[in-house]
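Understanding the architecture of this molecule
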Amino acid sequence: MLQFGSIRLDMPFVQAALSGYTDHPMRILARRFGCPLVFTGVMLDRIALHPKASRQKQFYPFSEEEHPVAAQIMGNEPEVMAQSAAIFERAGYDIIDLNFACPVPKVLRRERGGYLMQKPAVVREAYLRTRESVKCPVFLKIRIGFDSSEASQEDFWTICENAFRDGVLMVAIHGRTVEQKYKGAADWERIAEVKRRFPGLCVFGSGDVLKAQTAVERLESSGVDGVIVARGAIGNPWIFPEIRALWEGRAVPEPPTIEEQRAVMLEHLRMILDFWPARKAIPYFRKFAAGYCRRHPQRKQVMMAMMKAKSLEQIQQVFAEFYP
Ligand SMILES: Cc1cc2nc3c(=O)[nH]c(=O)nc-3n(C[C@H](O)[C@H](O)[C@H](O)COP(=O)(O)O)c2cc1C
């Protein structure tokens, strides 16, 4: 059993931070389906320091069933990251996760996220200051380097070594470089190497975990402490009970029936409609629908119908036709 402070995980598989996806509704569903820990999408540290912060969506009180939930923040000044972490902790988040992995060009230009894979001293300072400013656990999310250069590899190993020496409670490693963004296969061998070099460091691996079986295989073959489910969980909360069954050595549950799929999708849609104005809710729901459709026997037709649906009425028609 993994334990971080007072937070216990009853299985070593968690839902990733996914910007634009892991808001309130996706987090709640993951928790209901047995995922032991969920993360927000990455948030800029400064939003917490803004005078209007308490009115922003990120600060909405979340339902009890979402706990434990980690707030992921990124910035470029350790002191600001630390101050913002304290505000997120006060807002009720259980864990602070510092992002040094985001590859978005605008983020890199502002020397945040993945840019800092080239600045091990800043990563360390951000961690130490944040740890001083909060009582809750502080995690790191990194990549296997900024790019494939030797200098980058050195920085990567310095970051890992510092994390180990400073007693970071968990380091999540996405097995691609920042430069790679999401291209190519994730390098799980490099992730495994971190665990071999620093057996005392709690390492979670991330990358290309699209099926339950892959999650369990990665855990076993790489020797990591935990595995992160990212794109594989979009429109697919069933992946968590499937992973749990495989991990516990039980048979994988039967795939969800059309009725079960409909119930979960409608619940997801309802939560999105509670959270977002209708104008934004429908395009937002369609992003998840693309994932949900994969479970439908007429996957292509449902996908096309969902993508064409522009209003709530049209979405409801798709449900009536394909999820009777
Ligand atoms: C649309 C999208 C948004 C993401 N947003 C975040 C984020 O906010 N924070 C983060 O640490 N990683 C983010 N990631 C990276 C994922 O958490 C994960 O590390 C990566 O997708 C590799 O896992 P996968 O190949 O199994 O999807 C994002 C990935 C995608 C595809």
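Please refer to the structure higher up on the page.
What counts, and where the lines are drawn
- Residues numbered from 1 in each chain as written.
- Predicted model: local features only at pLDDT ≥ 70, side-chain atom pairs only at ≥ 80, totals over all residues.
- Near = placed C-beta within 6 Å.
- Nonpolar A, V, L, I, M, F, W, Y, C, P; charged D, E, K, R; others polar.
- Helix = DSSP H or I, 4+ residues; strand = E, 2+ residues; numbered from the N terminus.
- Expected span 1.5 Å × (residues − 1).
- Buried ≥ 20, exposed ≤ 12 C-beta atoms within 10 Å, placed from the backbone.
- Arc of directions from axis to C-beta.
- Contact = placed C-beta atoms within 7 Å.
- Axes fitted to C-alpha atoms, helices over the stretch in contact; angles between N-to-C directions.
- Parallel < 35°, antiparallel > 145°, perpendicular 65-115°, else oblique.
- Left-handed = near helix turned anticlockwise from the far one by under 90°.
- Core = buried A, V, L, I, M, F, W, Y, C linked by C-beta atoms within 7 Å.
- Domains from an automatic or database assignment.

With that settled, consider the site of the ligand. Neighbouring the ligand are 21 residues, the closest being A16, S19, V42, A230 and R231. Residues belonging to the shell around the ligand are distributed by class as follows: nine nonpolar, nine polar and three charged.

With 14 residues, helix α4 (residues 120-133) should reach 20 Å at 1.5 Å per residue; the first-to-last C-alpha distance of 20 Å fits that figure. The set of residues buried in α4 consists of P120, V123, R124, A126, Y127, T130 and R131. End-on, the buried residues of α4 take up no more than an arc of 160°, which puts them together on one face. Residues of α4 that are buried make contact with α2 (78-90), β7 (95-99), β8 (138-143) and α5 (150-166).

When two helices pack together, their arrangement is captured by the angle between the axes and the distance separating the axes. Closest axis-to-axis distance for the helix α7 (residues 212-222)/helix α8 (residues 239-247) pair is 8 Å, and the angle between their directions is 45°. When the axes of α7 and α8 are compared, the pair comes out oblique. Here α7 and α8 pass one another in a crossing that is right-handed. On α8, the residues that touch A212, Q213, A215 and V216 of α7 are I239, E242, I243, L246 and W247. Its residues placed into classes, the contact of α7 with α8 shows seven nonpolar, one polar and one charged.

What follows covers α5. The end-to-end C-alpha distance of α5, which contains 17 residues, comes to 24 Å, matching closely the 24 Å that a straight helix rising 1.5 Å per residue would cover. Listed as buried for α5 are D155, F156, I159, C160 and A163. One side of α5 carries all its buried residues, which in axial view fall inside an arc of 135°. Within α5, the exposed residues directed more than 90 degrees away from the buried face are E150, A151, E154 and R165. Where α5 is buried, its residues touch α4, β8, β9 (170-174) and α6 (188-197). Where α5 terminates, the next one or two residues include G167, which has phi positive at roughly 75°.

Attention now goes to the nonpolar core. Across soluble globular proteins, you tend to see nonpolar side chains buried next to one another. Membership of the largest hydrophobic core comes to 97 residues, with the highest contact counts inside it found for I96 and V229. Looking at this core, you find at least three residues from each of domain 1 (2-247) and domain 2 (258-322).

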